[in-house]
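The lines below spell out each chain.
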Amino acid sequence: LGKSTKFYEEGVTRKEILETIKTKALPFPLEDLNIRMAAFDVGMLAIAIKKSFSESHQKLGVYGLSYGALLANQTVKEFPHLFDSVFMKGIPNTR
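The model shown is predicted, which means the values in this text are computed figures rather than measured ones.

1. A look at the overall build of the chain
- Tallying secondary structure elements over the chain gives three helices and two strands in all.
- Start at the N end of the chain and walk to the C end: the helices and strands fall as α-α-β-α-β.
- Each of the 95 residues in the chain was classed as buried or not, and the buried ones make up 21%.
- If you take every contact in the chain between residues at least 6 apart in sequence, the share linking residues at least 24 apart comes to 47%.
- Accessible surface for the chain amounts to roughly 7,600 Å². Of this, 58% is attributable to carbon and sulfur atoms.

2. Points about the packing of aromatic side chains
- Enumeration over the complete set of coordinates arrives at two aromatic pairs.
- Plain terms: the ring middles of F40 and F79 are 5.4 Å apart, the flat faces sit at 75 degrees to each other, and that makes the pair edge-to-face. Here F79 lies in the loop between α3 (67–78) and β2 (83–89) and F40 lies in helix α2 (residues 35–52), a separation of 39 residues in the sequence.
- Taking the centre distance of 5.2 Å and the plane angle of 5 degrees together, the rings of Y63 and F87 count as stacked. Within this pair, whereas Y63 is found in strand β1 (residues 60–65), its partner F87 is found in strand β2, the two being separated by 24 residues in sequence.
- Classification of F87 as partly exposed rests on a relative accessible area of 45%.

What counts as what
- Residues numbered from 1 in each chain as written.
- Predicted model: local features only at pLDDT ≥ 70, side-chain atom pairs only at ≥ 80, totals over all residues.
- Heavy atoms only, no water.
- Helix = DSSP H or I, 4+ residues; strand = E, 2+ residues; numbered from the N terminus.
- Buried < 20%, exposed > 50% of the residue type's maximum accessible area, 1.4 Å probe, protein only.
- Contact = heavy atoms within 4.5 Å.
- Areas by Shrake-Rupley, 256 points an atom, 1.4 Å probe, with all protein chains shown as cover.
- Phe/Tyr/Trp six-rings, centres within 6.5 Å; stacked < 30°, edge-to-face > 60°.

Right, here's the structure in full:
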């Protein structure tokens, strides 16, 4: 993956930040920054956690608050076989 760097300085406007994001050479297409790709990241992390346990049939739970509720919902939609429980504190648009 890429290396982490500070994206902007304090006092910079939101418009300037968005312009920086659009013009900075990113190691991936900007369109890939979406809820589905974020859910795949969470799913891959869940798979790694699951593999670290000796019982492979063990399922996991996921918790989401606010934006995290939307992410938890999308993650469970993409990986229903991984999770046996989901707690969402918030009301995501599930359409």
